[in-house]
Amino acid sequence: MRDQETYVPYEDDELDATTGEFELSERQALRRVPGLSTELTDITEVEYRQLRLERVVLVGVWTEGTQDDAENSLTELAALAETAGSQVLEGLIQRRNRPDPATYIGRGKVDDLGAVVLHTGADTVICDGELSPSQLRNLEQRTKVKVVDRTALILDIFAQHAKSKEGKAQVELAQLEYLLPRLRGWGETLSRQTGGSGRGGGAGGGVGLRGPGETKLETDRRRIRTRISRLRREIKGMRTVRQTKRARRSRNAVPAVAIAGYTNAGKSSLLNRLTGAGVLVENALFATLDPTTRRATTSDGRLYTLSDTVGFVRHLPHQIVEAFRSTLEEVAEADLVVHVVDGTHPDPEEQVRAVREVLSEVGADRLPELLVVNKTDATDSETLLRLKRLWPEAVFVSAHSGRGVDGLREAIEERLPRPAVEVRAVLPYDRGDLVARVHRQGEVLSASHLAEGTLLHVRVGEALAAELAPYAAAAEHAGVGAR
């Protein structure tokens with residue numbers, strides 16, 4: 001079982017559960033313990049059977065970049081496979097100018113792959129790329145085991161980790177859109193008829209409807225398309241709810257900060273450290289999928305929101321980007337993107353490139369970005385020096401130990417949009433509600449108390465400035481108007 005990160009609260013933090021203990025324990029409640037054999041040894045009286053994790057062989061095609069790039073990609077695929085619950089037995093890389101259109105790795109290498117599968121006893125092959133339906137079929141026929149690609153693996157992890165209604169709907173939509181062009185019949189399944197399924201009648205379709213009817217494959221395709229349409233309608237309705245919430249925050253002039261970054265870079269740990277959010281933290285890829293938004297306060301009392309988002313990965317399947325578009329719009333609508341990078345990763349530059357590529361797909365590349373290098377407590381000094389030279393404007397923190405988090409707060413506050421209108425007003429003492437709103441939504445430059453009320457010199461948004469306009473005359477009458 002993998003080690004899990006733990007959130008260490010601040011000394012003055014009164015929150016108890018801050019790492020999603022209940023969700024984490026539920027996720028780990030039914031997980032096999034590696035190293036314990038579950039095979040029956042006495043098969044004289046009972047049927048022999050095996051109970052084990054999927055045993056997989058990884059295969060990658062190296063078409064460009066360096067050998068280190070290819071090995072890092074396969075290492076990431078191994079981490080994805082382990083997160084999905086598989087046991088990695090072997091990893092193979094094939095050097096080609098481009099993947100073979102028929103078998104992905106070439107006909108000759110398929111025989112080598114089959115020998116490795118036979119020798120290791122693997123029951124699954126995972127390819128580091130998205131395979132076409134014909135490539136999947138040809139590889140399965142040649143290796144005699146199940147073959148999945150990188151996209152299907154990521155979708156499987158998303159299906160395991162989705163918790164909210166919206167997250168489950170988004171994952172199901174992505175899975176069905178991936179599955180639809182890959183439906184294929186097995187043996188006699190292609191010729192099996194539904195006999196007018198969906199049109200009334202029994203097995204033969206009823207009087208006047210007997211005949212070939214639809215094949216099972218056609219019925220499955222029709223049902224999947226119907227389900228896709230229904231899911232899109234549901235997600236569209238959920239998007240409306242999100243837009244309403246964003247509009248409410250916009251009306252209240254509450255700045256929004258989105259935490260984005262590569263999967264397992266420590267985004268949820270950082271959100272917990274900054275706000276005590278209590279979000280699930282686990283040392284696994286795509287541990288949290290459902291976005292979490294929490295309120296935070298600047299040192300001068302202004303409110304803003306921090307939102308944790310789904311993690312990114314290189315070659316993130318386009319089905320995921322499309323299905324999670326309403327969630328990723330939380331990033332596109334933010335005022336600032338806090339881009340978290342794993343300082344312990346062997347290729348952090350590639351992580352940054354992959355994240356920025358996805359951000360550009362959802363229109364978030366135009367937003368101000370604050371680069372944050374996390375896990376500095378586990379990063380060697382030579383790597384830290386190299387990253388500081390590479391990204392001199394970045395903030396270096398450790399969400400686990402809390403080192404550098406205060407500096408991160410200050411950096412976020414400096415980059416938050418400031419209210420545009422400067423106002424001086426005297427608010428009567430019976431308008432304490434308006435004074436509170438000014439403190440919450442605006443920037444208070446100075447405050448003092450007069451006989452008539454509270455004198456405020458503030459920066460606020462245009463809507464709040466209009467509400468303060470009647471009280472600005474009182475400030476001018478008191479001889480303290482705008483200079």
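None of these values were measured; they are calculated from a predicted model. (Residues numbered from 1 in each chain as written. Predicted model: local features only at pLDDT ≥ 70, side-chain atom pairs only at ≥ 80, totals over all residues. Heavy atoms only, no water.)

### Concerning the overall build of the chain
Thought 1: When you go through the chain residue by residue, the secondary structure sums to 15 helices and 13 strands.
Thought 2: Counting only residues that meet the buried cut, the chain has 48% of its 483 residues in that class.
Thought 3: Once local pairs closer than 6 in sequence are excluded, the contacts in the chain between residues at least 24 apart make up 70%.
Thought 4: Total accessible area computed for the chain in this model is approximately 24700 Å², and 50% of it derives from carbon and sulfur atoms. (Helix = DSSP H or I, 4+ residues; strand = E, 2+ residues; numbered from the N terminus. Buried < 20%, exposed > 50% of the residue type's maximum accessible area, 1.4 Å probe, protein only. Contact = heavy atoms within 4.5 Å. Areas by Shrake-Rupley, 256 points an atom, 1.4 Å probe, with all protein chains shown as cover.)

### A word on unusual backbone geometry
Thought 1: Phi at Lys144 is positive, roughly 65 degrees, even though this residue is not glycine.
Thought 2: Relative to the helices and strands, Lys144 is located in the loop between helix 4 (133–143) and strand 4 (146–149).
Thought 3: The class of Lys144 is exposed, set by a relative accessible area of 69%.

### Looking at the packing of aromatic side chains
Thought 1: For the structure on display, the rule yields zero aromatic pairs.
Thought 2: Lying across the ring of Phe396, Lys388 places its NZ or CZ 5.4 Å from the centre. (Phe/Tyr/Trp six-rings, centres within 6.5 Å; stacked < 30°, edge-to-face > 60°. Lys NZ or Arg CZ within 6 Å of the ring centre and 35° of its normal.)

### Observations regarding the UniProt feature "binding site: Mg(2+)" (unreviewed entry) in the chain
Thought 1: The residues that UniProt annotates with the feature "binding site: Mg(2+)" (unreviewed entry) are Ser268 and Thr288.
Thought 2: Among the structural elements, Ser268 can be located in helix 8 (residues 267–275).
Thought 3: Take Ser268: its relative accessible area is 9%, and that puts it in the buried class. (UniProt positions renumbered as here; feature names shortened; annotations may be inferred.)

### Some thoughts on the pattern of salt bridges
Thought 1: The tally for this structure, following the rule as stated, stands at 17 salt bridges.
Thought 2: Residues Glu357 and Arg353 are paired through a salt bridge, measuring 2.7 Å at the closest nitrogen-oxygen approach. Of this pair, Glu357 and Arg353 both sit in helix 11 (residues 348–361), four residues apart, which is roughly one turn of that helix.
Thought 3: When its relative accessible area of 40% is taken as the criterion, Glu357 is described as partly exposed.
Thought 4: By relative accessible area, which is 38% here, Arg353 ends up partly exposed.
Thought 5: Of the charged contacts, one joins Arg356 and Glu369 as a salt bridge, the two residues approaching to 2.7 Å between their closest N and O atoms. One end of the pair, Arg356, is in helix 11; the other, Glu369, is in strand 9 (residues 369–374), with 13 residues separating them in the sequence.
Thought 6: Residue Arg356 is classed as partly exposed on the basis of its relative accessible area, which comes to 37%.
Thought 7: A single salt-bridge network, built from bridges that share partners, covers Glu76, Asp128 and Arg150. (Salt bridge = Lys/Arg side-chain N within 4 Å of Asp/Glu carboxyl O.)

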